[in-house]
Amino acid sequence: MSVYTAPAFDEHENVLFGFDRETGLRAIIAIHNTSLGPAVGGCRMWPYADEAAALEDALRLSRGMTYKSALAGLPFGGGKSVIIGDARKDKTPALMRAMGRIVDSLAGRYVAAEDIGMTVADMDEMAKVTKHVTGTSASSGNPSPYTGYGVFQGIRAAVAHKLGHNDGLADVQVAIQGLGSVGFDLARRLHEAGARLQVADINGEAITRAVDEFGAVPVDTHDVHGADVDVFAPCALGAVINDQSVGELGAKIIAGSANNQLADDRHGAELAARGILNAPDYVINAGGIIEIAHGTDFGGTHDDTAIFEHLDRIHDTLLEIFERADTEGAATNFVADQMAEERFS
Ligand code: NAD
């Protein structure tokens, strides 16, 4: 396994491989770019098939955070950490403290936040041994509702741009893949706005709740990307838009919270060629990091009015990207990258 020649390596400033003998913790922290500030990004726990897969995730996700924070107008760089393991079986308070000590060794160049496999209680445990943790119960807490609101605003922008619906989302059809913390929150907001929902999740309980509470229609997890809807909202894992799925998509718009939705950047161009509007993932899902930036860990007051005003800008940034993509005849993901690079380079 090589770092410098790994396909996802993009001139990252640091990559740290951590190990703790007592707990068996194996974790990688990737810091992509700190031009705009400390590298802030989630800590993910996942049963990666091997170390190379974990490294690739850390490299890709940390790069994404640089772009995300730059386009969200935040004074942050991009970083991400991954813990190799099954959060349901392997996670212990001691493991979290061991992770906290590794984060602490970077002396603030990286600040850890919550991601898949982690909870606010886990961040609290890490915070016992390092101050370079955010999203604890004492600070901003769970960012998912803010991410959900940002995605909702992004869907509004995409629907206005692509379908010309400027009045809202009444009767707009949305297929949501993944009804977790963000997906379920998004489903509620969409339902309240009058959208009609199709939902897929490997967790049957979440589906039952969405059917009962929102009148959602369940779809098979293998077919949801092909649902004949206005918007496909990937809110589970990455690489949903790939060589196989790109030709099977049924929606006119791709707009959801999942990180790294495109298996490869070229799939963004394929979406554009097929007339499908793609809301770049790191722009539409920036709500969580925006909320974190307004929290006490970064000298803020966690004022909801200010946070929601900031979240509303996701709508405007996306409209700017869509318009620039139209003018330049470029894919939206390339335009977003360009705009972010203009800010952090
Ligand atoms: P989560 O773990 O709470 O939810 C994920 C959901 O996806 C779960 O309900 C899970 O059962 C479901 N799922 C897993 N595999 C699936 C499959 N093959 N088909 C359908 N459903 C499947 O995670 P979350 O916090 O809601 O985050 C969702 C996505 O959004 C992730 O990609 C995450 O990185 C991204 N994201 C989250 C935030 C946030 O604030 N939580 C911020 C930015 C980006």
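How each quantity is defined
Residues numbered from 1 in each chain as written. Predicted model: local features only at pLDDT ≥ 70, side-chain atom pairs only at ≥ 80, totals over all residues. Heavy atoms only, no water. Helix = DSSP H or I, 4+ residues; strand = E, 2+ residues; numbered from the N terminus. Rg over C-alpha atoms; globule rule 2.2 N^0.38 Å. Buried < 20%, exposed > 50% of the residue type's maximum accessible area, 1.4 Å probe, protein only. Areas by Shrake-Rupley, 256 points an atom, 1.4 Å probe, with all protein chains shown as cover. Lys, Arg positive; Asp, Glu negative; His and termini not counted. Charge placed at Lys NZ, Arg CZ, Asp CG, Glu CD. Phe/Tyr/Trp six-rings, centres within 6.5 Å; stacked < 30°, edge-to-face > 60°. Domains from an automatic or database assignment. Contact = heavy atoms within 4.5 Å. Buried area = accessible area lost by both parts, 1.4 Å probe. Salt bridge = Lys/Arg side-chain N within 4 Å of Asp/Glu carboxyl O. Polar contact = N/O pair within 3.5 Å; in protein donor to acceptor, adjacent residues only side chain to side chain. Near = heavy atom within 4 Å. Nonpolar A, V, L, I, M, F, W, Y, C, P; charged D, E, K, R; others polar. Expected span 1.5 Å × (residues − 1). Axes fitted to C-alpha atoms, helices over the stretch in contact; angles between N-to-C directions. Parallel < 35°, antiparallel > 145°, perpendicular 65-115°, else oblique. Left-handed = near helix turned anticlockwise from the far one by under 90°.

A separate point is the overall build of the chain. Helix and strand content of the chain: 11 helices and 11 strands. In terms of overall dimensions, the chain is globule-like: its C-alpha atoms have a radius of gyration of 19 Å, near the 20 Å expected for 345 residues. Oriented by its inertia axes, the alpha-carbon framework of the chain measures out at about 55 × 45 × 40 Å. Per-residue burial over the chain gives 55% buried out of 345 residues. Counting only carbon and sulfur atoms, one obtains 47% of the accessible surface of the chain, whose full area is about 14300 Å². Within the chain, one finds 27 positive and 49 negative side-chain charges whose respective centroids are separated by 4 Å.

Below, the discussion takes up the packing of aromatic side chains. Tallied over the full model, the rule gives seven aromatic pairs. Measuring from ring centre to ring centre gives 5.6 Å for Y146 and F308, while their planes differ by 35°; the resulting arrangement is tilted. Taken together, the residues span a long stretch of sequence, with Y146 in helix α4 (residues 144–163) and F308 in helix α10 (residues 304–328) at a distance of 162 residues. Measuring from ring centre to ring centre gives 5.1 Å for F184 and F214, while their planes differ by 50°; the resulting arrangement is tilted. Residue F184 is found in helix α5 (residues 181–192), and its partner F214 is found in helix α6 (residues 204–214); the two are separated by 30 residues along the sequence. Residue F184 shares its accessibility class with F214, and that shared class is buried. Through a chain of ring-to-ring contacts, three or more aromatic side chains come together here, namely Y67, Y282 and F344.

Looking now at the domain arrangement of the chain. Along its sequence, the chain is organised into domain 1 (14–66 + 77–126) and domain 2 (144–288 + 297–344). A C-alpha centroid distance of 25 Å is found between domain 1 and domain 2. Counting residues at the interface gives 15 residues for domain 1 and 11 residues for domain 2. With both chains or domains summed, domain 1 and domain 2 bury close to 980 Å², and 56% of this area falls on carbon and sulfur atoms. Across the domain 1-domain 2 interface, the total number found is zero salt bridges. Taken together, the links from domain 1 to domain 2 amount to two residue pairs in polar contact (both at pLDDT 80 or more). Of all elements in the fold, only β3 (39–46) and α1 (51–71) reach the threshold of two or more residues within the side of domain 1 that touches domain 2.

Further remarks concern the site of the ligand. The local shell around the ligand holds 23 residues, among which T147, V182, D201, A236 and S257 are the closest. Separating an oxygen atom of the ligand from a backbone N or O atom of A236 is a distance of 2.7 Å. If you list the elements that add at least two residues to the shell around the ligand, you get α4 and α5. A class-by-class count of the residues in the shell around the ligand yields nine nonpolar, 11 polar and three charged.

Next up on the list: α4. For α4, with 20 residues, the first-to-last C-alpha span of 27 Å sits near the 28 Å given by 1.5 Å per residue. The buried fraction of α4 is high, at 15 of 20 residues. Count one or two residues on from α4 and you reach G164, which has phi positive near 70°.

Once that is clear, we can look at the side chain of D281. Structurally, D281 is set in helix α8 (residues 281–284). Buried charge without a salt bridge: D281, with R60 as the nearest opposite-charge side chain at an N-O distance of 6.6 Å. Within the local environment of D281, its side chain forms a polar contact with the backbone nitrogen of Q261, the two atoms lying 2.7 Å apart. If sequence neighbours within four positions are ignored, D281 has contacts with A258, N259, N260, Q261 and L262.

Right, let's talk about the pattern of salt bridges for a bit. Scanning the entire structure with this criterion turns up 23 salt bridges. The salt bridge partner of R44 is D115, with a shortest N-O separation of 2.6 Å. Residue R44 is located in strand β3, and its partner D115 is located in the loop between β5 (110–114) and α3 (120–127); the two are separated by 71 residues in the primary sequence. This pair shows no difference in class: R44 is buried, exactly as D115 is. Of the charged contacts, one joins K89 and D86 as a salt bridge, the two residues approaching to 4.0 Å between their closest N and O atoms. Under the relative-accessibility criterion, K89 is labelled exposed at 67%.

A word on the packing of α5 against α6. When two helices pack together, you describe them by how their axes are tilted relative to each other and by the distance separating the axes. One way to put it is that α5 packs onto α6 with a least axis distance of 11 Å and a crossing angle of 15°. The angle between α5 and α6 places the two elements in the roughly parallel class. In this structure, the crossing between α5 and α6 has a hand that is right-handed. Counting all contacts with α5, which are made through F184, A187, R188 and H191, the residues of α6 involved are A206, R209, A210, E213 and F214. The residue inventory of the contact of α5 with α6, partitioned by class, reads five nonpolar, one polar and three charged.

On to unusual backbone geometry, then. If you check the backbone angles, D171 has positive phi at about 65° while not being a glycine. With respect to the secondary-structure elements, D171 resides in the loop between α4 and β6 (173–177). For D171, a relative accessible area of 49% corresponds to the partly exposed category. Unusually for a residue other than glycine, A239 sits at a positive phi of about 60°. Examined against the element boundaries, A239 turns out to sit in the loop between β9 (231–234) and β10 (253–254).

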